[in-house]
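A structural walkthrough
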Amino acid sequence: MAEASKGAAPAAPVEPVLAPGRRSRITPEREAELYEAVLELLREVGYDALTMDAVAARTRSSKATLYRQWGGKAELVAKAVRHNKPGGFGLEEIDTGSLKGDLHALTMRSDDCEMEQNSALMRGLAMAIHGNPDLLRAFRDHLIEPEMAQFRDVLQRAIGRGEVRADNPAIEFVMHMMIGGFAARTMIDEKPPTQAFLISYIDAVVLPALGATAG
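Conventions we followed
Residues numbered from 1 in each chain as written. Predicted model: local features only at pLDDT ≥ 70, side-chain atom pairs only at ≥ 80, totals over all residues. Heavy atoms only, no water. Helix = DSSP H or I, 4+ residues; strand = E, 2+ residues; numbered from the N terminus. Buried < 20%, exposed > 50% of the residue type's maximum accessible area, 1.4 Å probe, protein only. Contact = heavy atoms within 4.5 Å. Core = buried A, V, L, I, M, F, W, Y, C linked by side-chain atoms within 4.5 Å. Patch = residues over 30% accessible without salt bridge, like charges linked within 9 Å, V, L, I, M, F, W, Y side chains within 5 Å. Areas by Shrake-Rupley, 256 points an atom, 1.4 Å probe, with all protein chains shown as cover. Salt bridge = Lys/Arg side-chain N within 4 Å of Asp/Glu carboxyl O. Lys, Arg positive; Asp, Glu negative; His and termini not counted. Charge placed at Lys NZ, Arg CZ, Asp CG, Glu CD. 1 Å grid on protein atoms, 1.4 Å probe; cavity = no way out; pocket = protein on both sides within 12 Å on 5 of 7 lines; lining within 4 Å. Points joined across faces, edges and corners; volume = space filled by probe spheres on them. Nonpolar A, V, L, I, M, F, W, Y, C, P; charged D, E, K, R; others polar. Phe/Tyr/Trp six-rings, centres within 6.5 Å; stacked < 30°, edge-to-face > 60°. pLDDT = per-residue confidence, 0-100.

Topic: the overall build of the chain
On a plain count of helices and strands, the chain comes out with nine helices and zero strands. Mapped in sequence order, the helices and strands of the chain form the string α-α-α-α-α-α-α-α-α. Counting over 215 residues, the chain shows a buried share of 37%. Of the contacts formed within the chain by residues at least 6 apart in sequence, a portion of 68% connects residues at least 24 apart.

Written out as C-alpha cells, the structure reads:
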C-alpha cells in the first residue's frame with residue numbers, strides 16, 4: 001500500500017456508526033445534562049433559532065451522536081420538556097385518596113419560580129408548534145398523549161370512589177381546563193401562574209365541572 005504523502009493532514013476521527021435502529025448508550029446524568037442545556041438554549045433563542053450545532057457546542061457533544069440518539073430537533077426538545085416536568089408527569093405516583101387531593105398534590109410539585117419559567121417556555125413552544133408538524137407530533141407522542149392517559153387513570157380512580165359520575169361530559173375536557181388555566185393566567189391577568197392561583201382555579205372550576213366536592 002502506498003505511503004501517505006508527506007505533509008498531508010491527518011485524517012479526521014470518525015465516529016463509530018451503529019447499525020440501523022441502534023443508539024449509543026448515554027448515562028442518565030449525561031442525558032439530564034443535555035436536556036438542561038436544550039432548555040437553556042430554548043429560553044435564550046427560541047425553538048426556530050435553536051440548532052443541533054448549538055446543542056452540540058453547548059454540551060460538547062458531536063452532532064452525529066445527537067442525531068443518532070434523538071433523530072432530530074423536535075424529538076430532542078419534546079423529551080427535554082418532558083424530562084423537566086417534576087417527577088416526570090407526577091400523576092402515576094400520586095394517590096391521595098381524593099380527586100381534589102391528587103390535583104392539589106400535582107400542582108404543589110412545581111414551585112412558583114418553576115411555574116413562571118415553564119410558562120414562558122411553553123408560550124414560545126406553542127407558537128412554534130403551529131408551524132412545525134414534526135414538533136407537534138413529538139409533543140403529542142411524548143407529552144400530550146402520555147399525560148392525558150395519566151389524567152384518565154386519576155379520573156378513573158375518582159369514578160371508582162364515587163366522586164365523579166362516569167357519564168359526566170366534562171371528563172373529556174380536564175386537560176383542556178388544566179392547560180387553559182395555566183396559560184390564561186398570563187394572557188388575562190398579566191401574571192405568571194402560581195400554586196395559589198392554580199389551586200383556587202382547580203377548586204372553583206375543575207372540580208365543580210366534574211361534580212366533585214372541593215371541600
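Looking at the nonpolar core
In terms of nonpolar packing, the biggest core is built from 27 residues, with V38, L42, Y47, V77, L125, L135 and F139 touching the most fellow members. Once residues within four sequence positions are removed from consideration, L125 is found in contact with L42, Y47, V77, V81, L135 and F139. Counting residues in hydrophobic clusters, the runner-up holds 21 residues, among them M175, M177, Y201 and A212.

Concerning a negative patch on the surface
Residues D111, D112, E114 and E116 make up a contiguous surface patch of negative charge. Assignment of secondary structure puts D112 in helix α6 (residues 112–130).

Quick notes on the environment of A183
By the secondary structure assignment, A183 is in helix α8 (residues 174–189). Take A183: its relative accessible area is 34%, and that puts it in the partly exposed class.

Some words on the layout of surface pockets
One way to see where empty space is left: roll a probe the size of a water molecule over the atoms. What the largest pocket holds in volume is close to 1,200 Å³. Around the largest pocket, the lining is made up of 38 residues, and of these K85, M122, E147, I179 and F182 lie nearest the centre. Among the elements of the structure, α4 (73–84), α5 (99–107), α6, α7 (133–160), α8 and α9 (195–210) are those that each provide at least two residues to the lining of the largest pocket. A per-element tally of the lining of the largest pocket places α6 first, with nine residues. Among the residues forming the lining of the largest pocket, the class breakdown is 26 nonpolar, seven polar and five charged.

A look at unusual backbone geometry
Here R60, not a glycine, exhibits a phi torsion of approximately 55°, which is positive. Residue classification places R60 among the exposed residues on the basis of a relative accessible area of 80%. The backbone of E190 shows a phi angle near 55°, a positive value even though the residue is not glycine.

Overview of α5
Think of an α-helix as turning once every 3.6 residues; residues three or four places apart then point the same way. When you tally the buried positions in α5, you get eight out of nine residues, the bulk of the element. For α5, every residue scored as buried is listed here: L99, K100, G101, D102, L103, H104, L106 and T107. Against the buried residues of α5 lie α6, α7 and α9.

Comments concerning the packing of aromatic side chains
Under the definition given, this model contains two aromatic pairs. Measuring from ring centre to ring centre gives 5.7 Å for Y35 and W70, while their planes differ by 65°; the resulting arrangement is edge-to-face. With Y35 in helix α1 (residues 28–45) and W70 in helix α3 (residues 63–70), this pair connects stretches of sequence that are 35 residues apart. Exposure class is identical for Y35 and W70. Each is buried. Each ring, one from F197 and one from Y201, has its centre 6.2 Å from the other, and the planes form 20°; the classification is stacked. Pair noted here: F197 and Y201 are both in helix α9, with a separation of four residues, about one helical turn.

Looking at the confidence of the model for the chain
Note that predicted coordinates carrying low pLDDT should not be read in detail. Across the chain, pLDDT averages 84, with 84% of residues at or above 70. Confidence, read as mean pLDDT per element, is least for α6 in the chain (88) and greatest for α9 (96). Contacts for the low-pLDDT stretch residues 1–23, under 50 throughout, to residues beyond four places or in other chains number 11 contacts.

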